[in-house]
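Descriptive structure summary
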Amino acid sequence: MSTISVAGRSLKARPLLPRRIRPARLALHAFLIAAVLLWLFPLLWAVYASLRPVSETIFNGYVSWPKTLNFDNYTTVWTQADLPYFYLNTLVIVVPAVILTLLLASMVAFCCTQFSWKFNLVVLMLFTAGNLLPPQVIIVPLYWIYLHTPIASFGSIDVGRFSFALFSDNGLLYNQYLGIILIHVVFQTGFATFVLSNYMKTITKEITESALVDGANVLRIWWSVILPLCRPALAAMATLLFTFIYNDFFWGLLLLKTGDRRPITSALNDLQGQFFTNNNLLAAGALLAAIPPIIIFIALQKHFVAGLTLGSTKG
Amino acid sequence: MANPATSAAAPARASKAPEAGELVATRRRRRYSLLTRPDKILIALMVGIPLALDILFIWGPTVASVLLSFTDWAGIGDVTPQNVVGLKNYTTLFTGYAFFWPAFQHNLIWLAFLSFIATPLGMFLAVLLDRELRGKRIYQSIFFLPVVLPLVVVGFIWTLQYAPSDGFINNAFGLVKSGNIIDWFGNPSINLYAVLFATSWRHIGYIMVLYLAGLKSVDPSLREAAKVDGATEVQTFFNVVLPVMAPINVIIVVVTAIEALRAFDLAFIINRGTNGLELLSILITNNSISEASLIGFGSAIAVVLLVISLVPIVLFLSRTMRSQA
Amino acid sequence: MGDSRDALKVRRALEARKLELPFLETDLPMNLDLSRRDILKIAGYGSLAAFIAACGGSNPSTGGSTTGGTLSLGSYNSDPTNKAGTQAIVDAFTAANGGTKVTINTVSHNTFQDTINAYLQGTPEDVFTWFSGHRMPFFADKGLCSPIDDVWDKVKSNYTDAFATAVKGNDGHVYAVPTDYYPWAVFYRKDVFAAKGYTVPANWDDFKALCAKMKTDGLAPIAMGQSDGWPAQGTFDILNLRLNGYDFHTRLLTGQEKWTDSKVTTVFNKWKEITQYYSAAPNGTTWQQAADKLLRKQAGMYVLGLFVSDEFKASGSPVDVDQLDFFPFPNLGTSFDAEKALDAPIDVYMMSKKSPTLSKDRGQAAAFLEFVAKGTTQGIFFKSAPGFIPTANDADTSTYTPLQKKAQQIVSSAGKITQYFDRDSRPDFAGANGMQSFLKQFIASPQADTTGLQGKMQQFWDSLPAEK
């Protein structure tokens, strides 16, 4: 079998083999199916529990045959935890955060990879290391910053009980959408910068060079030349960032005081009482909350796979 | 890959005052700057604003945490000079705090478990799935599913499995009936492993996908050459694929280390990190972000965690810097 | 800060380069065409606004009106029943107080507790829920809540002396209004006792004999769920109160007695006599799972607070709910039995200090606090959340179930009331990586010598910074 290199891709001269089922392949499938069932089981068991009323599981325990199976927990939590409102609330936080992160990260990655200057690598290091820090390390001083940074107020967008302040309704970063979006952006920019900078390193500097010769300024090159070239990377990062920020539990709990402004993961926490918690209800709510990231993941799966490792071997 | 002409020019360029946007043409022509003044300002802004945010919101607080660790500030009012206690927090931490060394130990066990069991399993699954396979997408999705689930439901999922009298495991194996209940969460000798098993459920999928994409970027001609030489699949993997995947391997190693050091979620949800589930990040939370708010002390623990995290970070970054040079 | 001429210069320079910037067609907001005069105007208005705000006055006692207006309430009543109860109170208040518009911010109980320090120092609501105990005077000392002596003067006749002590800060001023409480006792099912011929034990020996009898009958004599960390503290409290008295107990929890004291050892030794009767896997069982055992007739007794009825009610079976009953923890044969002390944590409402709206809402906040001190108001909450007994003397007890009447009686006849371990002591000492952990260690190996463990407790206390 010979390999020929044409335009950087290897072509294999492949003989056509008849398709037969090899026992090794069967064994592989068997193993994988077993593994998959093992993987899904805990989740399916939780789905089972969420379909049962808590009155039943209190009497009979969770390992018991069902007397009633219904979606009551789902309908109850939909209204009780106000899920439609919190879906929207979470999107208001996640979507701008993802967009801003990608904008900022791509800018930094662009400047650090397409041009060489003295503190290039130091800047990249600062960004990357920033994301690798555990959030508990910085939470307390961050609190203080959020309580003491003055932010101007230009009014707010009010739709019913949803109130998006522009940019603060108490003069601080604390308890504002701006604050929570900001911390997500800053925290994720490190990871995103690292990934995008690795991807952009594959774009030769000549492209930028010739664009500069043509008279474009750097902002224009970034927007009209480099970003379109990075579209797969950007799409992959968008799905990753969506998942990470959506599933965030920590920042929303600590930097937002008003229950109405918290994202859905923190809001589910409020279903827990001082003592009593209806766990079946909570499970139903959590499973409903999990739907958007699952949808995003399944729909953009191939981007996902490409995304996590942009930043490793390329060529 | 790095332009050899550029890297060769680097030492020569170092003697000259660096200018932003200096470009060296591959054929070693006379250097010139294509960037105008406004361009340079724009670049400064494009880097400067994110950098300023990063320093203000991440590195500033980090430095502040380090400083706070030398105080006994309790979070109320201002930090006064009376609050400064020097190294007292650290001595208490290392000698007087009953939970520090168990937590440290648990983080190490966590690291070992992830490194030697969970991560290799993830890599193994990736290797299995790295071929023409019917239903590959479905397998991939299912293995990755736990990563996408929010934490609240993951806690409940595993409580359903591990609860002493109501959990699936104890009931399915007849332990409840026979009265030999295993206290998965309450027995300090085994609960860490029970939680590690549950954490691996998520970790394996994450590693699998990382590795799978890395495998995809391996040049198939290498595998072909190995096949021609008569190597088995196992030999091919260890002698050909693995070395080529070196950068990915570094990512995997560092991700594993960071996950082990940052471990928090499941142990916290189950019993707030007590009785065998102590972890450094939970100690920080229970001290700093609690009704008590022993901020100075919590910061000392945070600094210890920071120092421990810096080792893989520095390793990783020096490695990537080398590959960029 | 230059003036607008500089901005025009830059703009002209850009245009000279004749670059098409399609995405920059709309002016970026940085292009503020501010002339020097504009800036002076803004400064002028700004200082005028600041002047007016300052004139608004921050003197709390001249808050103006008490009816109408607005009020903000921070609540940790996140359970559906408690939340509904709070909402009902608020609605009644709005109606009774000339249409005061109340905004409620509900947050889960544990989150509220964990973030209380940041909350009170940041932008708290005018009025907030909290509980009696060690921390309340601490917040008062730090200037994080407002004294409400004026409110207390109007309502104090509606409270017994026991409650009066629960509301004062260290400076003697009143900072809280109590609304409800729930006692801790030994719960059991009447039908199980009747069926097996058990009688309520009056003293320790009877109690142990009962446990032994239950064991032979195939029940787990005492249900215990210590996974949450706090339930075992209830048993410690009551044993310490009975054996060593109220004074020693409160002094111990505030560090004035040592954990290595032999009196504490007697508590653990006494405790050891019943740990063999605990249900299986106590450290891995949550309080709810343990309550389920009581419900399912798998366990005979349960040392817990009145809120155990919540779990019974969630079973959806009124028949079983009716079977729930309790008896006070048996006497241990010491002189302190006469104190009839017990844990009965009290929930309160307090007024914050740093709320941005307090200066204008102060009147309404005081009116609200007066309102919740009334028996009728507490009855409204009680209807939704029957596990919480109203504190007011004039609360209507005619609607109480036998269980609730009994709960009220046991507290009103108590000589001493404590607020529960984690509220009577420092939260950092009593919390997850503190006493909760130590008690878990005890429960894990109860028959072991506790000297080492007690030493660890004392060492831990000593390592904590002074609460200044």
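Shown above is the structure to which this text applies.
All of these numbers come straight from a predicted model, not from anything done at the bench.

1. Some remarks on the interface of chain B and chain C
With 41 residues of chain B at the contact, the number on the chain C side is 39 residues. When the area that chain B buries against chain C is broken down by residue, the three leading residues are I76(B), F99(B) and E291(B), summing to 26%. Where chain B packs against chain C, one counts two salt bridges. With its nearest N and O atoms 3.2 Å apart, the salt bridge here joins R272(B) to D114(C). The tally of links between chain B and chain C comes to 11 residue pairs in polar contact (both at pLDDT 80 or more). For the side of chain B that touches chain C, the elements supplying multiple residues, two or more each, are helix 2 (37–68), helix 3 (88–96), helix 13 (265–271) and helix 14 (280–288) of chain B. Examining the composition of the side of chain B that touches chain C, we find that four residues originate from one element, helix 3 of chain B, more than from any other. Its residues placed into classes, the side of chain B that touches chain C shows 15 nonpolar, 18 polar and eight charged.

2. What to know about a nonpolar patch on the surface
There is a patch of nonpolar side chains on the surface, built from F31(A), F116(B), I117(B), L121(B) and F124(B) and spanning about 510 Å² of accessible area. Looking at the nonpolar patch element by element, the count peaks at four residues for helix 4 (residues 100–129) of chain B. Looking at where I117(B) falls in the secondary structure, it is placed in helix 4. You can call I117(B) partly exposed: its relative accessible area is 40%.

3. Observations regarding the pairing of strand 8 (residues 324–327) of chain C
Residues and elements named next belong to chain C. Here strand 8 shows two buried faces, one formed by L324 and F326 and the other by D325 and F327. Alignment of strand 5 (residues 184–189) against strand 8, held across four bridges, turns out to be antiparallel. By the bridge assignment for strand 8, Y188 is matched with D325.

4. Observations regarding unusual backbone geometry
Notably, D82(A) is not glycine yet its phi reads approximately 55°, a positive angle. By the secondary structure assignment, D82(A) is in the loop between helix 3 (72–80) and helix 4 (83–114). Despite not being glycine, K297(C) has its phi angle at roughly 65°, a positive value. Take K297(C): it is sitting in the loop between helix 13 (287–295) and strand 7 (299–305).

Cut-off values and rules
- Residues numbered from 1 in each chain as written.
- Chains lettered and ligands numbered in written order.
- Predicted model: local features only at pLDDT ≥ 70, side-chain atom pairs only at ≥ 80, totals over all residues.
- Heavy atoms only, no water.
- Contact = heavy atoms within 4.5 Å.
- Buried area = accessible area lost by both parts, 1.4 Å probe.
- Salt bridge = Lys/Arg side-chain N within 4 Å of Asp/Glu carboxyl O.
- Polar contact = N/O pair within 3.5 Å; in protein donor to acceptor, adjacent residues only side chain to side chain.
- Helix = DSSP H or I, 4+ residues; strand = E, 2+ residues; numbered from the N terminus.
- Nonpolar A, V, L, I, M, F, W, Y, C, P; charged D, E, K, R; others polar.
- Patch = residues over 30% accessible without salt bridge, like charges linked within 9 Å, V, L, I, M, F, W, Y side chains within 5 Å.
- Areas by Shrake-Rupley, 256 points an atom, 1.4 Å probe, with all protein chains shown as cover.
- Buried < 20%, exposed > 50% of the residue type's maximum accessible area, 1.4 Å probe, protein only.
- Pairing = 2+ DSSP bridges.

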